Amino acid sequence: MLPLAGYTVIDFSQFLSGPLASLRLADLGARVIKIEKPETGDICRQLYTSDTILNGTSTVFHAINRNKESIVLDLKSESDKQIIHDLIARADVVLHNFRPGVMERLGFDYAGVREINPTVIYGEISGYGKEGPWVKRPGQDLLLQSLTGMTWLSGDANNGPVAMGLSVVDMFAGSNLCSAVLACLYRRAMQGIGAHVHVSMLDSAVDIQFEAVTTYFRDGKLLPQRSEVSNAHAYLAAPYGVYRTQDGFLALAMGSIPFLSKLLNCKSLEGFADGEQAFRERDNIKAILAEHLTTAGTGHWLEILEAADIWCADVLDWRRLTEHNAFKILDMLQQVTMGDGFRYETTRCPIRIDGERLTATKGSPKLGEHTAKILEELYG
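Just so you know, these numbers come straight off a predicted model, no measurement behind them. (Residues numbered from 1 in each chain as written. Predicted model: local features only at pLDDT ≥ 70, side-chain atom pairs only at ≥ 80, totals over all residues. Heavy atoms only, no water.)

**Brief notes about the overall build of the chain**
Secondary structure assignment for the chain yields 16 helices and 15 strands. Across its three principal axes, the chain shows a C-alpha extent of roughly 80 × 50 × 40 Å. For the chain, the residues scored as buried account for 45% of the 380 residues in total. Put simply, of all contacts in the chain between residues at least 6 apart along the chain, 67% involve residues at least 24 apart. (Helix = DSSP H or I, 4+ residues; strand = E, 2+ residues; numbered from the N terminus. Buried < 20%, exposed > 50% of the residue type's maximum accessible area, 1.4 Å probe, protein only. Contact = heavy atoms within 4.5 Å.)

Right under this line is the structure:
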């Protein structure tokens, strides 16, 4: 039996951050009932990426809302609000990621929900917290990356700010909310009390950078300096980076420059030492290394570097990754089936419990697919 079997989550959230939290709770065994507005539902249903559609709906929605149920309710309708009231009365967890003030106006903020269900775990995600000059800004991933200095960490120094290619702030905010909800569920089991959990995307975006931010303050508030060549970490010395080879790319982590000079037969590196020089002159070192590595293919260099126990790797795209035995043995993909029989392939939960992979068979719900079923459960 999964750890959260028997628990019920009422999920008002949309887009990525909140639905990611409820997805993980569902993977751990909770029943997640997704409350969606009439006609359009979760806005993420229309958030198309790469013009790819699955069964008439955005692939993004399918990826993050599998293993859930959908009920259509109008939050402005008094009769529907009564249904929400009755659902909350039976719930263990209530989640949302509306802007501050929305749930208060609807009467379903923590104070209102606690009157209905005193021991409920109430979790919410905001963009920028509940006070301050940014409160009313849209909590969108790219905007959070841009506002929190994150875009100055990726890419080479001469290329300007570079955003991450994933919605990393959304993902970390959702993971933080899930972790806090699980902790509060444990406390409730021990002490019988509820909790109000609040996570902001702003907090999460800063926390992701804990290593770099700590270094910034320790380093006299000097801004991080990206290398001009093969930058992969603003605070790490050469050779750390990704380099082009004759037939592909090679990732190099830490390594002694004098040792690499001999190992790779790169005489131009003979005059460089490790430590402070490897950081102070990393652009020169990386430029020399970059030119040298183009003289042979990735496989040639990997054979030499791996034999010497140097931390290195090939740079794979998704096609090469998914064809590799190292990926296949993970068994990270699963096929799920929607209520209408439509099947699609997606990732599974990355967690294993007692050696068992956590998998699911239920795909994402059609808008309002479970409305009748849930109402029958409530009222007969």
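**Observations regarding unusual backbone geometry**
With an omega of 15°, the peptide bond running from Ala238 to Pro239 counts as cis. Along the chain, the position of Pro239 falls in the loop between α9 (210-218) and β9 (241-244). With a phi angle near 60°, Phe15 is a residue other than glycine that sits in the positive phi range. Within the element layout of this structure, Phe15 appears in the loop between β1 (8-11) and α1 (17-27). One non-glycine residue, Asp331, lies in the positive phi region at around 55°. Tracing the chain through its elements places Asp331 in the loop between α15 (325-328) and β12 (333-337). Exposure remark for Asp331: the relative accessible area of 41% places this residue in the partly exposed category.

**Brief notes about the pairing of β12**
Along β12, the buried face is formed by Gln334 and Val336; none of Leu333, Gln335 and Thr337, which line the opposite face, is buried. Bridge count for β12 against strand β13 (residues 343-347) is five bridges, and the pairing is antiparallel. Bridged to Val336 within β13 is Tyr344. Between β12 and the antiparallel strand that follows it, β13, lie five residues; Gly341 among them carries a positive phi value of about 95°. (Pairing = 2+ DSSP bridges.)

**Topic: a nonpolar patch on the surface**
A contiguous nonpolar surface patch, about 240 Å² in accessible area, is contributed by Phe15, Ile43 and Leu47. Its location among the elements puts Leu47 in the loop between β2 (31-36) and β3 (53-54). (Patch = residues over 30% accessible without salt bridge, like charges linked within 9 Å, V, L, I, M, F, W, Y side chains within 5 Å. Areas by Shrake-Rupley, 256 points an atom, 1.4 Å probe, with all protein chains shown as cover. Salt bridge = Lys/Arg side-chain N within 4 Å of Asp/Glu carboxyl O.)

**Here we look at the sheet that holds strand β7 (residues 121-126)**
The strands making up a sheet associate through backbone hydrogen bonding, with each pair oriented either parallel or antiparallel. Read from one edge to the other, the open sheet built from six strands follows the order β5-β2-β1-β6-β7-β8, with strand pairing classed as parallel. For this open sheet the edge positions go to β5 (69-72) and β8 (195-200), each flanked by a neighbour on one side alone. Across the sheet, the mean angle separating the axes of adjacent strands is 20° when strand polarity is ignored. Looking at chain direction, β1 and β2 are connected through four bridges and run parallel. Bridging across to β2, Asp11 finds its partner in Lys34. Each of β1, β2, β5 and β6 (93-96) touches helix α3 (residues 78-89); the most contacted strand, β2, lies at about 165° to it. (Axes fitted to C-alpha atoms, helices over the stretch in contact; angles between N-to-C directions.)

**Re the side chain of Ser204**
Mapping Ser204 onto the fold places it in helix α8 (residues 201-208). Once you skip the residues sitting within four places of it in the chain, Ser204 turns out to touch Phe172, Ala173, Asn176 and Val199.

**Topic: the sheet that holds β9**
With antiparallel pairing, the three strands of this open sheet are ordered in space as β9-β10-β11. Of all the strands in the sheet, just β9 and β11 (312-314) have a single pairing partner and so form its edges. Here the strands of the sheet are splayed against their neighbours by 25° on average, with no regard to which way each runs. Strand contacts of helix α12 (residues 282-293): β9 and β10 (249-252), with the helix running at about 40° to β9, the strand carrying the most contacts.

**Quick notes on the nonpolar core**
Leu25, Leu95, Leu177 and Val181 are the most contacted members of the largest nonpolar core, which has 31 residues in total. Elements supplying a minimum of two residues to this core: α1, β6, β7, α7 (168-191), β8 and α8. Ranked by the residues each element gives to this core, the list is headed by α7, at eight residues. When sequence neighbours within four positions are dropped, the list of residues in contact with Leu25 reads Leu4, Val9, Ala30, Leu95, Cys178, Val181 and Leu182. One finds Ile71, Leu87, Leu106 and Phe108 within the second-largest nonpolar core, a separate group that totals 24 residues. (Core = buried A, V, L, I, M, F, W, Y, C linked by side-chain atoms within 4.5 Å.)

**Observations concerning the pattern of salt bridges**
Should the charged atoms of two oppositely charged side chains come close, the side chains can pair. According to the stated counting rule, one finds 14 salt bridges in the structure shown. The salt bridge involving Glu78 is made with Lys81; its shortest N-O contact spans 3.8 Å. With Glu78 and Lys81 both in helix α3 and three residues apart, the pair spans about one turn of that helix. Put simply, Arg31, Glu69, Lys373 and Glu377 are held in one network by salt bridges that share partners.

**Quick word on the packing of α3 against helix α16 (residues 371-379)**
For the pair α3 and α16, the least separation of the axes is 11 Å and the interaxial angle reads 70°. When the axes of α3 and α16 are compared, the pair comes out roughly perpendicular. Classified by chirality, the crossing of α16 by α3 is left-handed. Within the contact between the two elements, α3 uses Gln82, Ile83, Asp86 and Leu87 and α16 uses Ile374, Leu375, Leu378 and Tyr379. For the contact of α3 with α16, the class distribution of residues is six nonpolar, one polar and one charged. (Parallel < 35°, antiparallel > 145°, perpendicular 65-115°, else oblique. Left-handed = near helix turned anticlockwise from the far one by under 90°. Nonpolar A, V, L, I, M, F, W, Y, C, P; charged D, E, K, R; others polar.)

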